[in-house]
Amino acid sequence: MHHLPDELILQIIAYLEPSELVNLQYVSRQFLNLSRDNNLWRALCFEHSAAERRRRRLLPTSDDVDPRLAELIRAANEVANAFPTEVHDPSAPSAEVQVQRNVGKRKAALLANWDPTYPGEKVDFYQEFIQRHASHSVSWFQDAKHGHRDDNLHHEATGAGILYNGDGMADKLVAPLEDGSISIWDASTSNERHGRIIARTAIGLLPNKGSDLDYDTRLAHSQAMMTETGAVECVSIDSRQQKAFFAVQTTLNEVDLRTLQVISRTPYPFPITALSEARHPTPLTIGTNWTVHLHDARLKPSVPDSARCELIGGASPPSSFSRLQTGDFGDHVSLAQPGALSILHLPTTREWDGNGDIWVAGRFTSFLNFDRRFFPRLRGTVHSGARLSCLTAIPHPFIPQEVRTCHPGVSAGLLDEVKSSRGHTLIAAGEYKGKGSLELYALNEDPTRSINSSDSRTTRRPGVCYQNRQTASRSKLLAAAPHGTRIVTADGDGVLKWVERDGVTPVRSFNINEPSPSSSPSPPPSSNQDPPPRISSRRSSPRSIPRCTTPVLPPSHSVRIISSFGPEMGAWVASRLARERRSGSMLWRKWKGRRRG
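Just so you know, these numbers come straight off a predicted model, no measurement behind them.

> Help me out: how do you make sense of the sheet that holds strand β24 (residues 495–500) in this one?
Note: strands within a sheet are paired through backbone hydrogen bonds, in either parallel or antiparallel orientation. Strand order in the open sheet made by the 4 strands is β22-β23-β24-β25, with antiparallel pairing throughout. Each having just a single partner strand, β22 (477–483) and β25 (506–511) make up the two edges of the open sheet. Averaged over all neighbouring strand pairs, the angle between strand axes comes to 20°, with direction disregarded. Across 6 bridges, β22 lies against strand β23 (residues 486–491) in antiparallel orientation. When the sheet's bridge partners are listed, L477 is paired in β23 with D491. Sitting on the sheet, helix α8 (residues 125–133) is in contact with β22, β23, β24 and β25, with an inclination near 50° to β25.

Shown next, in the form of structure tokens:
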């Protein structure tokens, strides 16, 4: 075997199952490298995908197909004319070779239609297979306790944010607690402190309850302010500046994460309901119940706190008084309906698509689009019909469903053409008529392939948007985020669901309320170390955390770990679950009931 070329060995080991490929990696470094071949694991991801399993199940020759439907399925395949494998003259000498050639072409076409990657996108399909099929492993991080007076009490997190290191990996998890303090967990996997609290501030820091009050009064006042239903996205982390922004009722607190001291407190006229991402030097976008503001951290409020209670020179108009009470914020946007729940910043370096840089969604049924250069003028709106709770985006163009599925009449090269174009895909999650709604919208430099917020008729074209309101979730979707080549959503029942980038094809799901997480039937490897570790689905303790685990912060203050989902997934789940403590959703009530039980 050592004298055979690598290409021939790859052809041989391609017939092995994933578990056998894992064992083969122990033989030698040569077999380790060959068993990690990206094209090999790409083909395995395709063969184990839900779309391919469904297609094989519906083949006319399959044993699972009703014989009465076999002819109908065969006729439908002939109408679609998707690479027929039959030949005109079966008795010809080259008939068998032609059949094999047609089978190869058909498989290549199916693989190309399934392939979730885009030109220039680098994907490790070995890790992709792990994240799609590996079993879950759940454990707890260090509890958030404070002081000797309440050793038996656990403080609950009212939000969470991720602090990234210079390589763009999750390094720390920052969370405000119900007692008004800030707690920081080590979210990296490079040291033994993984999952432990590494920093903690005094209670009452965020609600500004200082040492002039006794302990019990300070704790009671802080809990009343921090646990009041208000901001859902109440934490925003600026990893470049090492700063964090925390929303507490109507006040925005800016905290230096190096010293854990409050730099500034900015009041707003209404309770803050959403914060955008913080990325210097882009101004922070803040949504309240009735307004939307731009906050530049480099500018300090022009009126000090001590000067806001006295007017010199007589009375002033109500508008001026309101401006004096909240500081000089410049122009702001007044909302016709309350309130904003999610704010998305798109990169300004993208190709112009006719839309602005700021998108706002919430309890109203349309997106609000703003151009930061002309703020507060409204750029336009896009009607959704659903009440949205989360906005995010992926830096790849939107692919219509008829192009993904090779609909009859669609050219075979159109898929490559769409993937090669420049654009973004806007992802929205929310609720429509009591069920979850996962929606995809195109932002493309080509006007015919993009929505335009100034023209609401664009959303009526099926080629620029897709709305999954049938299979997304039984309950309201609370969050959505890109995860590798998939999209992950979280709903009010506590279910994390992964789907393909088309927004509908299922990949896997996981219910955080289940006492013992279910395992996938395909047992792939669980790490990318050399040599690979053995597969295990046992629960790990905080002192024996495997290197592939990732942190999760449930709404009950402590941090969990869900392994096999990659280094960023757990931190995302942390921030999503902590949101439910603020909104009092069904997911939070289930967690609270489980802890009491």
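So much for the structure itself; the text now carries on.
> I would appreciate a short explanation of empty space enclosed by the protein in the present structure.
A water-sized probe, rolled over the atoms, reveals where empty space remains. Summed over the entire model, instances satisfying the criterion amount to 4 cavities of 30 Å³ or more. Each pocket or cavity is described by its volume, and for the largest cavity that value is around 60 Å³. Every residue lining the largest cavity is listed: H48, S49, A50, R53, R132, H133, E500, P506 and V507. Looking at the lining of the largest cavity, its residues break down into 3 nonpolar, 3 polar and 3 charged.

> Help me out: how do you make sense of the packing of helix α4 (residues 38–47) against α8 in this one?
Describing two packed helices takes the angle between their axes plus the distance from one axis to the other. Interhelical geometry of α4 versus α8 gives an angle of 30° and a closest axis separation of 8 Å. Relative to α8, the element α4 lies roughly parallel. Contacts between α4 and α8 involve N38, W41, R42, L44 and C45 from the former and F125, Y126, E128, F129 and R132 from the latter. Residue composition of the contact of α4 with α8, by class: 6 nonpolar, 1 polar and 3 charged.

> How do you make sense of the pattern of salt bridges when you look at a structure like this?
In a structure, side chains of opposite charge can pair up when their charged atoms sit close to one another. Applying the stated criterion across every chain yields a total of 19 salt bridges. Its salt-bridge partner being K172, residue D171 comes within 2.8 Å of it at the nearest N-O pair. The class of D171 is buried, set by a relative accessible area of 18%. D357 is the salt-bridge partner of R350, the closest N and O atoms lying 3.2 Å from each other. In terms of burial, R350 and D357 fall into one category: buried.

> What's the story with the packing of aromatic side chains in this structure? I'm lost.
Each aromatic ring pair is described using two quantities: the centre-to-centre distance and the angle formed by the ring planes. Taken as a whole and assessed by the stated rule, the structure comprises 6 aromatic pairs. Here the aromatic rings of W41 and Y126 are separated by 5.0 Å at their centres, their planes lie at 75°, and the arrangement is edge-to-face. Placement of the pair is W41 in helix α4 and Y126 in helix α8, with a sequence separation of 85 residues. As far as burial versus exposure is concerned, W41 and Y126 are alike and both buried.

> Can you walk me through the environment of T266 in this structure?
With respect to the helices and strands, the residue T266 is situated in strand β9 (residues 261–267). Overall, T266 belongs to the buried group, its relative accessible area being 5%. Remark: the alpha-carbon pair of T266 and L252, spanning 14 residues in sequence, is separated by 5.1 Å.

> Whenever I open this one, the nonpolar core confuses me. Can you help?
Nonpolar side chains in soluble globular proteins tend to be buried together. Membership of the largest hydrophobic core comes to 32 residues, with the highest contact counts inside it found for W359 and F367. Counting only elements with at least two residues in this core, the list comes to β15 (358–362), β18 (387–394), β19 (423–432), β20 (435–444), β21 (465–468) and β22. A247, L252, Y268 and A278 belong to the second largest nonpolar core, which has 26 residues in total.

> Sorry, what's going on with a nonpolar patch on the surface here?
The grouping of L4, L8 and I12 at the surface amounts to a nonpolar patch, some 220 Å² of accessible area in total. By the secondary structure assignment, L4 is in the segment before α1 (6–13).

> Looking at this model, I keep getting lost on the environment of A278. Mind explaining?
Mapped onto the secondary structure, A278 falls in the loop between β10 (272–275) and β11 (284–288). The class of A278 is buried, set by a relative accessible area of 11%. Through-space distance from the C-alpha of A278 to that of S236 is 5.8 Å; in sequence the pair is 42 residues apart. Beyond its immediate sequence surroundings of up to four residues, A278 is in contact with S236, I237, D238, F245 and L284.

> Can you help me understand the sheet that holds strand β2 (residues 161–164) in this one?
In spatial order, the strands read β2-β3-β4-β5; together these 4 strands make up an open sheet with antiparallel pairing. Since the sheet does not close on itself, it has two edges, and those belong to β2 and β5 (197–200), each with one partner. When the angles between neighbouring strand axes are averaged without regard to direction, this sheet yields 25°. Note: strand β4 (residues 182–186) against β5, 3 bridges, orientation antiparallel. Across the sheet, the residue bridging to I184 is A199, located in β5.

> How should I be thinking about the pairing of β25 in this particular structure?
Successive side chains on a regular strand alternate, one facing one side of the sheet and the next facing the other. Pairing of β24 with β25, which is carried by 5 bridges, proceeds in the antiparallel orientation. Across the sheet, residue K497 finds its bridge partner in β25, namely S509. Remark: 5 residues form the turn of the hairpin made by β24 and β25, two consecutive strands paired antiparallel; G503 in that turn has positive phi of roughly 85°.

About the thresholds
- Residues numbered from 1 in each chain as written.
- Predicted model: local features only at pLDDT ≥ 70, side-chain atom pairs only at ≥ 80, totals over all residues.
- Heavy atoms only, no water.
- Pairing = 2+ DSSP bridges.
- Helix = DSSP H or I, 4+ residues; strand = E, 2+ residues; numbered from the N terminus.
- Axes fitted to C-alpha atoms, helices over the stretch in contact; angles between N-to-C directions.
- Contact = heavy atoms within 4.5 Å.
- 1 Å grid on protein atoms, 1.4 Å probe; cavity = no way out; pocket = protein on both sides within 12 Å on 5 of 7 lines; lining within 4 Å.
- Points joined across faces, edges and corners; volume = space filled by probe spheres on them.
- Nonpolar A, V, L, I, M, F, W, Y, C, P; charged D, E, K, R; others polar.
- Parallel < 35°, antiparallel > 145°, perpendicular 65-115°, else oblique.
- Salt bridge = Lys/Arg side-chain N within 4 Å of Asp/Glu carboxyl O.
- Buried < 20%, exposed > 50% of the residue type's maximum accessible area, 1.4 Å probe, protein only.
- Phe/Tyr/Trp six-rings, centres within 6.5 Å; stacked < 30°, edge-to-face > 60°.
- Core = buried A, V, L, I, M, F, W, Y, C linked by side-chain atoms within 4.5 Å.
- Patch = residues over 30% accessible without salt bridge, like charges linked within 9 Å, V, L, I, M, F, W, Y side chains within 5 Å.
- Areas by Shrake-Rupley, 256 points an atom, 1.4 Å probe, with all protein chains shown as cover.

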